[in-house]
Each structure stands twice: as C-alpha cells, then as structure tokens.
Amino acid sequence: MNMKNKKIFTEVLIAAALLLSSSFPVFASDTAEVKTAAAQTASVSEFKDAVINIAQIKFPLTSINGKVKMLSGATGLEKVTFKLLDSIFEADGTVARDSGEHNFRVASSSVKFADIQKLIPSLAAFDIKSDFKLDCEVKGPQASPVLNARLESAGGDFSFPKLAGELKGVNISAIKLNVTYAAGKYDIQSLSFKALDGSVNLRGIYDPDKTSETALEFQADNIDAAKLASYFEKYAGKITGSLRTKFSVKNFMNEDDMSAAGNINFQNGVLKDFDFLKKLGEKLKSPVEKIDYDFIGGDFDLAKGKKLDFKDFRVDSKILKLKTSGAIGADKKVAAKLFAQAEGALLGNKIKNKKLASIFKKAVSEVKLNFIVGGTVDDPKIELDMGQR
C-alpha cells in the first residue's frame, strides 16, 4: 500500500484545507479539484454547496459550506461543513500551510460505522450497525500530523465474522472508539462496549505497510455464557455461567493467514447434553449428562490453516475433574489426551444396592483414569489409555 493510501483517514479530515486551492491556485497542484466556484472577498472565501475531489481518496467531499480565511502560515476554517460518503462533518480551527502547524477540530453528530470502515480498513475485521458521534483533533506539522479521534454511540448490532461466522447481530450498547493516527500507523487505543450482560474491549495497532504484523487484542469479561451460546446452534441451551476471555488475533486482514492465541474460561455454571460427556460417562460406567462446574478453561492457539491447539484445558466440579491437551485439525479431527478424576460418589451412584453403594462411596474416595480422545468434534471417540502409569 503506498503512502497516499495509508494516510487516507487523516487527509480526509484535513481536506477542508484543500478548499484553498479554488481561491488561491498557486497551492492547487494535482491535489484537489473543486467543481463549483467560491465567493471571494479579500482573503476570505465562502463556499456554498461546493464539491471537491481529492486525489488521495476515491470519495468526493460534497455539500461544502462555510468560510475559509487566509492567515499567516495557515488557513482558518470557520464552521466549514461537508459531506463524506453518507456522513456530515463540521470543521473549525487552523490548517497549516508551508512550515505552519495544524490545530483544528472535526466533529459530526452522526458518522456511520460503514463509512469509518471504508476509511480505516483495519476495522473491517468486525462490524457494528450503528451511527457514531465524532470528535476529532488534528495537530502538528504538515509532514507529521497527529490525529486523535473519539467516537461514541448509544448502541447497535455487533458482528465478528472474521473469527466466528455465527456471531452476528449481537445487541451492544455504550460503544466508545478511540483512534490515534501518527507516523503512518493507526493506533486503535480502545473499542469498548457492553454486550450479553458483560463488557468487551478491543485494541490494536495497524500499519498499512505491514498488515501481516498487525494484531488485534480482544478481551471480554462477565459475558453471559447462555446468551452467547444461543448464537451457536450446536451449543444453544447446553451451557450456563460467566465467560471471560483474552486473546490476540494476528493478520486479521487476510482470513486465510489469520491466527489467534489466548485464554478462555467459564465460571460457575452448568454443562449438559454434550455428546462428549455422555461418552465419558459410558467409560466411567456412570452417566454424566450434566455437570455443575466451578471452572472450565485453558489456553488455546488457532494457527494458520485453522488448526486449534489447546493446553491444560480443565473442567473443575465437585464430582468430576478433567484436564486435557491436544489439537483439533482443520478437518475437525481430534487428537488429545484426557485425564479424569472422578469422585467415589459419582461411581457409587451406579450401584443399585444402597448399602453397597454407601460402602463403595466411603471406601473409594476417587478414581483416576487417563484416556485418548480421537474421532471428530461431532463424533468424538474416547478410549482408555492402557499405557497409563
């Protein structure tokens, strides 16, 4: 990506300065083309419904209105309004000329997120159906301006198709986005919002010249697991509890090469009706159709090619403890080892004679077994590891 394209967002916001080209041709060069004339009195130009095309971007500025004033080393903007794509902006302050420095503000009461995505490609990893209130400052010399933008929205629908295709149309609220642009890089300092009774925060640095090195950090806290599971047909109605996760997504601009790594855990909930639990119960000779768990979680690494590695992923409950490490391939084949520790109470419940069951529970406090897990995600195979110590 060339230098013109990677400065696209900043140049959109300082585009009002290019209005100068219509009144003072010496500064025009090839940067902008103004299609409607401006009224000029001395060093002040007033625009009414003007249109300007800027070489650096493919989207014209339209409906330009306001006054542009010549100052020493700068151009003054007096409530200059303009439309870009489907959003309307207002600009005030001074825009540098020659050796001067920028010091101006651009604001909007309603910026569409779809427009923001077109200007900042790194935000294409997710989608928000909402309009934003924008407050943006641009300061510094022409050669190295610094842009600080703050966007807020009361709410909308959130989708993260790059990571989970099923995660679409999640209702979110209290949306806040803080972005800084400097030295050719976008610093998404924070994109935060409330969702599914919890909170979500995303951040990352995007360099258009090094997209493969770009990482997006994602953190979620206190998410209602049952509500989240309802978006996934396979898991709907099968899990409750509170979800926390923190992971990074790399190279998210290229879905084929995208990778992710981090941690995920669930706390204080119920697992039920999972085929894997039923098959494990068969191996333990005791039905395991439902688990009231204290903790489920561990580390994961989603590599290129969609191979998922997991390490020391564990399930803690009063009657059953599990720990597993392994991998799930792009073809959904599972290769893992599983350690199970079952309390005597779980196995004793299988004995029909109540007296014998009571004796068993007292005599056997716990049973520890190792298993090899194969098959596929949809049809797991569990076999006792005969090589266990």
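Not measured: the values here are computed from a predicted model.

Analysis parameters
- Residues numbered from 1 in each chain as written.
- Predicted model: local features only at pLDDT ≥ 70, side-chain atom pairs only at ≥ 80, totals over all residues.
- Heavy atoms only, no water.
- Phe/Tyr/Trp six-rings, centres within 6.5 Å; stacked < 30°, edge-to-face > 60°.
- Helix = DSSP H or I, 4+ residues; strand = E, 2+ residues; numbered from the N terminus.
- Buried < 20%, exposed > 50% of the residue type's maximum accessible area, 1.4 Å probe, protein only.
- Pairing = 2+ DSSP bridges.
- Salt bridge = Lys/Arg side-chain N within 4 Å of Asp/Glu carboxyl O.
- Core = buried A, V, L, I, M, F, W, Y, C linked by side-chain atoms within 4.5 Å.
- Contact = heavy atoms within 4.5 Å.
- Polar contact = N/O pair within 3.5 Å; in protein donor to acceptor, adjacent residues only side chain to side chain.

Draft legend 1. How the structure looks around the packing of aromatic side chains. One pass over the full model with this rule turns up six aromatic pairs. Here the aromatic rings of Phe113 and Phe132 are separated by 5.7 Å at their centres, their planes lie at 40 degrees, and the arrangement is tilted. Here Phe113, found in helix H4 (residues 113-119), pairs with Phe132, found in strand S9 (residues 131-141); they are 19 residues apart in sequence, far enough to count as distant. Considered together, Phe113 and Phe132 belong to a single accessibility category, that of buried residues. Ring centres of Phe218 and Phe247 lie 4.8 Å apart, and the angle between their planes is 25 degrees; on these two criteria the pair is classed as stacked. Of this pair, Phe218 sits in strand S14 (residues 215-224) while Phe247 sits in strand S15 (residues 242-250); the two residues are 29 residues apart in sequence, bridging distant segments of the chain. For Phe218, a relative accessible area of 11% gives the class buried. The exposure class of Phe247 is buried, given its relative accessible area of 10%. An aromatic cluster of three or more residues is present, and its members are Phe218, Phe247 and Phe300.

Draft legend 2. Looking closely at the pairing of strand S12 (residues 185-195). Direction of pairing for strand S11 (residues 170-182) relative to S12: antiparallel, over a ladder of nine bridges. Across the sheet, the residue bridging to Ser173 is Lys194, located in S12. Counting the residues in the hairpin turn of S11 and S12 gives two residues, including Ala183, whose phi is positive at 50 degrees. Across eight bridges, S12 lies against strand S13 (residues 198-206) in antiparallel orientation. Bridge pairing in S13 places Ala195 opposite Gly198. Taking the residues that link successive antiparallel strands as the turn, the S12-S13 hairpin has two residues, and the phi of Leu196 there is positive, at about 50 degrees.

Draft legend 3. Structural context of the pattern of salt bridges. All told, the structure shown has 13 salt bridges when counted by the stated rule. When the shortest N-O distance is used, the salt bridge between Asp131 and Lys112 registers 3.6 Å. On the criterion of sequence distance, the pair formed by Asp131 in strand S9 and Lys112 in strand S7 (residues 101-112) is long-range, its members being 19 residues apart. Note on Asp131: relative accessible area 36%, which makes it partly exposed. Measuring nitrogen to oxygen at the nearest pair gives 3.9 Å for the salt bridge that ties Lys307 to Asp309.

Draft legend 4. Layout of the side chain of His102. Assignment of secondary structure puts His102 in strand S7. Residue classification places His102 among the buried positions, given a relative accessible area of 4%.

Draft legend 5. Layout of the pairing of strand S17 (residues 290-302). Note: strand S16 (residues 259-272) against S17, 12 bridges, orientation antiparallel. Each bridged residue has a counterpart across the sheet, and for Lys272 the counterpart in S17 is Lys290. Where S17 lies against strand S18 (residues 308-317), eight bridges are found, and the strand directions are antiparallel. Residue Phe300 lies in a different strand from S18, and its bridge partner there is Phe310.

Draft legend 6. Representation of the nonpolar core. Within the largest apolar cluster, 86 residues are counted, with the highest numbers of intra-cluster contacts made by Phe126 and Leu202. At six residues, the largest contribution of residues to this core is made by S11. For Leu202, the contacting residues outside a window of four places in its chain are Phe126, Phe160, Ile188, Ser190, Leu191, Phe193, Leu216, Glu217 and Phe218.

Draft legend 7. Molecular detail of the side chain of Ser153. Examined against the element boundaries, Ser153 turns out to sit in strand S10 (residues 146-159). Assessed through its relative accessible area of 11%, Ser153 is described here as buried. Among the polar contacts listed, one links the side chain of Ser153 to the backbone nitrogen of Gly155, at a separation of 3.4 Å. Contact partners of Ser153, with chain neighbours within four places excluded, come to Ser130, Asp131, Phe132, Ala174 and Ile175.

Draft legend 8. A look at helix H6 (residues 275-283). Those residues of H6 that sit buried are Leu277, Lys279, Leu280 and Gly281. Positive backbone phi, approximately 60 degrees, marks Lys285, located one or two places after H6.

Draft legend 9. Here's a closer look at unusual backbone geometry. Non-glycine residue Leu196 carries a positive phi angle of around 50 degrees. Within the secondary structure, Leu196 sits in the loop between S12 and S13. Exposure remark for Leu196: the relative accessible area of 15% places this residue in the buried category.

Draft legend 10. Here's a closer look at the environment of Leu61. With respect to the helices and strands, the residue Leu61 is situated in strand S4 (residues 61-71). When the C-alpha atoms of Leu61 and Lys83 are compared, they prove to be 5.6 Å apart, with 22 residues separating the residues in sequence.

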